[in-house]
Amino acid sequence: MPLWAKLRPAALFARLSTKLTVLYAGLFGVGLVAIALMVNTVISANAQRTVRDELAANGAVFDRIWALQEKHLGDSAAILARDFGFRDAVATRDVETILSALDNLRGRLAIDRAFLMTMDGDVVGLDALTDAEADALWVALDARERAAGVLTIAGRPYQAVSAPIRAPDLIGWVVFAAELNRAHLQSFEALAAIPLRADVFARSADGAWLNASSAAVLEALDADVAPRTLRLAGGEAIALAQPLRAFDGGPESRLLLTYPLDRALQAYRPLMGSLAALGVFGVALLALASWFLASTVTKPIAALDAAARALQQGKRMEVATTTRDEIGRLADTFNRMSHEIAAREERITHMAMHDADTGLANRRALAGALGAMENAYVVAVAIDRFAPIRDAIGYRLAAELLRRLGARLQAAAPAGVIARIGPDALALAIACGDEADALACAERLRAAAAGATRLDGANVDIETTAGAAPVESGATQAALDHALIAIEQARQARRRTALFDKSLYGDPARNLSLMSEMLDGITRGDLTLHYQPKYDLRRGAVTGVEALARWTHATRGGVSPDLFVTMAEETGHIDTLTEWTLVRAIADQNVMRAAGLDYLVSVNLSGRLVGDDAFTKLAIELIQDTDARICLEVTETAAMDDPEAALRNIEAYVAAGVSIAIDDFGAGLSSLSYLKRIPAAELKMDKSLIKNLGRNARDALLVKSTIDLAHALGMKITAEGVETQAELALLASMGCDMIQGYVIARPAPVQTLAAAPQRATLRT
Ligand code: C2E
Ligand code: CA
Ligand code: CA
């Protein structure tokens, strides 16, 4: 920041210490100025009072001196007036003698003016008077026996006294006058204790002041007899105007005593000076002290300020607590707060990266780990039938189960981040060269995670399914989803492990529109049924067919039933599809009958619909309205969500004359106790069991025991997906009842079936 910017008020006062300093120093300064003003006022009032007192005292002194002078002049005049020779000279108008007498006396007594006024109005011994003045003077003398006071002669003021001359009648007056000039007044000033100035102002007969110099002086002269402050050219002064009687009895003259205030205050000047110096020094000292104080007070606040800013920027900063006062406590609180914020942040980060139930890492954490890898695959491992297990053991133990699964996976892949990415699924990232490698790795991890787990003293046997998906062009979240979908795909394919199959999955957005298109397709006739024959080995003839839905989409072409059936199940349209299939199958059965084929028609009943009471009622009505012979294929796992409802409906079908086949047996979990309760007439072995029949002795054993199991439960057994004559022969030797598969025929439209009914022969 440039210096000028620092000195701008806004910038300057951004600091608390500056504010405090200015505030304290300012307050103190104001206080000092107030005190100085008060002292000044007191001093000047005091000085003025002293001066006024002094002036009043001097006024009184002057009065006495005036009276003494007047007496002195009067006495001298009286002596002369009574002098025989002088009286005689006046009576005889001996001017020479008069003048010499007057002169003689004036010289001796140091009188400025001495003259004689005759009864005729002649003035002897003074020629300065005009005729008018002489007349006025005569009138004045004539009016009184003895006149005394201020007399103006040729414009100058005099103290004059008169004495009558009688011989024995009044023949004239002697007038003695002392000039009230500077020298005279100075002798008076010299008597005063203070250096005042005295001036006499006389008035003319009409009252006008003769020698007043300024308006201020005039004002003072006209005022009452009391000291007052005057504003003169040379500054303020205190003035006292004392009245002086006029010689002729006219308007009074005034003695003006003035004293400049400046001089009065001069004595106090050093005091005021040191006071001011003390003030300046005090303010400076206080500013310094408050700056220091403010700095000590604000230093910890500034430290707090800095720490709070750092905290705002996500940095942690401890403030050192040095004091036990409020600021110290504030710093303590701040430290605790920042500590808690950090702890909370840690918790939030942990929460953001971990699953709350299990404490394992979450999707986000795994996505982060994936992002840093090359050739990355996500392997997800899910616990099969997690929901029913969780219902059985409770949420707490279910979470524990997931943690155990996590621990097993961690043991199998020590370097990996194990994250929970679904309610029943954990996942980790691995680096693999190719898909086969990834699949093998997924299988190894899945196998490691499966097995018996001891929870709260009880054994829980968990089966697992794994899915793997590659991370393509950094889309880590999508890879996580794909791994989960791969698990679903594995389950649908009745496999333990699967690699994500994009073609099978399709595009979710397109799949959604697919459903409405499917419903349209049903009404428009785009959906058809194909029939696959079921060959009865004992009778050597086809005795039934399985109805399989086919959809030829106008633009997409053939859509896999695995796709649209699963989607219909997931979107709640499976009832519409199945109802249509049932109606279609019943109609087609009549076509077959017309061609001389009396086949039992098997229709797939989705697991979702087995527990659906309303659909069961509808399906039974549809079948009973006709004389159709229908078998419903139900997967055994489908019934497991709500076994009671499933069993109730299955029993209702059986009671209505609809036979039941258990589909895909051997692909998923098998519960023998449940199997026993289903009143099924037929058990269909899944094609996965048949696939390795010729090559694998263990599979052969499994097939044989399944056949025996079906027979033991009183069911006929059908082998699905039989493709070769060898398989067929082996199954026949094992006592299998029926064969379904390409070896007999591929699924075909009903017309094809009616035209060339399959009559396969068994080569043994
Ligand atoms: P599924 O019930 O197990 O049907 C048998 C599947 O095996 C059919 O596949 C059939 O074409 C196939 N298959 C038959 N013989 C052989 C063989 O020798 N070798 C091999 N590898 N496969 C053979 P598709 O038609 O693709 O149907 C798949 C699944 O779709 C069916 O499995 C069934 O679960 C479901 N599905 C088909 N149509 C319907 C339907 O109308 N309603 C319901 N709910 N599901 C249906
Ligand atoms: Ca089936
Ligand atoms: Ca099947």
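Conventions we followed
- Residues numbered from 1 in each chain as written.
- Chains lettered and ligands numbered in written order.
- Predicted model: local features only at pLDDT ≥ 70, side-chain atom pairs only at ≥ 80, totals over all residues.
- Heavy atoms only, no water.
- Helix = DSSP H or I, 4+ residues; strand = E, 2+ residues; numbered from the N terminus.
- Pairing = 2+ DSSP bridges.
- Donors = N, O, S within 2.8 Å, 3.2 Å for Na, K, Ca; no water.
- Buried < 20%, exposed > 50% of the residue type's maximum accessible area, 1.4 Å probe, protein only.
- Near = heavy atom within 4 Å.
- Polar contact = N/O pair within 3.5 Å; in protein donor to acceptor, adjacent residues only side chain to side chain.
- Areas by Shrake-Rupley, 256 points an atom, 1.4 Å probe, with all protein chains shown as cover.

1. Examining the environment of Ala 493
- Looking at where Ala 493 falls in the secondary structure, it is placed in the loop between helix 16 (476-492) and strand 17 (497-499).
- When the C-alpha atoms of Ala 493 and Arg 390 are compared, they prove to be 24 Å apart, with 103 residues separating the residues in sequence.

2. Regarding the sheet that holds strand 3 (residues 148-153)
- The strand order across the open sheet built from 5 strands is 2-1-5-4-3, with neighbouring strands paired in antiparallel fashion. Unpaired on one side and paired on the other, strand 2 (123-124) and strand 3 mark the two borders of the sheet.
- Direction of pairing for strand 1 (residues 113-118) relative to strand 2: antiparallel, over a ladder of 2 bridges. Bridge pairing in strand 2 places Leu 116 opposite Val 124.

3. Some remarks on the coordination of the calcium ion (ligand 2)
- The protein atoms that coordinate the calcium ion (ligand 2) are Glu 546 (OE), Asn 604 (OD1), Glu 633 (OE) and Asp 663 (OD), at distances spanning 2.0 to 2.4 Å.
- Written as a sequence motif, the donor residues of the calcium ion (ligand 2) are E-x57-N-x28-E-x29-D.
- The metal-metal distance between the calcium ion (ligand 2) and the calcium ion (ligand 3) comes to 3.8 Å, with Asp 663 coordinating both. Separated by 59 residues along the polypeptide, Asn 604 in strand 21 (residues 600-604) and Asp 663 in strand 23 (residues 659-665) bring together distant segments of the chain.
- The partly exposed category is assigned to Asn 604, whose relative accessible area is 29%.

4. So, the coordination of the calcium ion (ligand 3)
- Taken together, the protein donors to the calcium ion (ligand 3) comprise Asp 663 (OD), Asp 664 (OD), Glu 720 (OE) and Glu 720 (OE), at separations of 2.3 to 2.4 Å.
- Read from N- to C-terminus, the donor residues coordinating the calcium ion (ligand 3) fall into the pattern D-D-x55-E.

5. Quick notes on the site of ligand 1
- Near ligand 1 you find 21 residues, and of these Gln 532, Ala 549, Arg 550, Glu 723 and Tyr 742 are the closest.
- Contact between ligand 1 and Asn 604: an oxygen atom at 3.1 Å from a side-chain N or O atom of the residue.
- Glu 723 is positioned with one of its side-chain polar atoms (N or O) 2.6 Å from a nitrogen atom of ligand 1.
- When ligand 1 is considered free in solution it has 790 Å² of accessible area, and contact with the protein chains removes 84% of it.
- Residue assignment for the shell around ligand 1 shows that the elements contributing at least two residues are strand 19 (541-553), helix 19 (561-571) and strand 23.
- Counting residues per element, the shell around ligand 1 draws most heavily on strand 19, at 4 residues.

6. Observations regarding the pairing of strand 8 (residues 235-244)
- Extensive coverage of strand 8 is indicated by the burial of 7 of its 10 residues.
- Two elements, strand 7 (residues 228-232) and strand 8, share 5 bridges in a ladder whose sense is antiparallel. If you follow Arg 231 over to strand 8, its bridge partner there is Glu 236.
- Counting the residues between successive antiparallel strands, the hairpin from strand 7 to strand 8 contains 2 residues.

Purely geometric stuff here, so don't read any function into it on its own.
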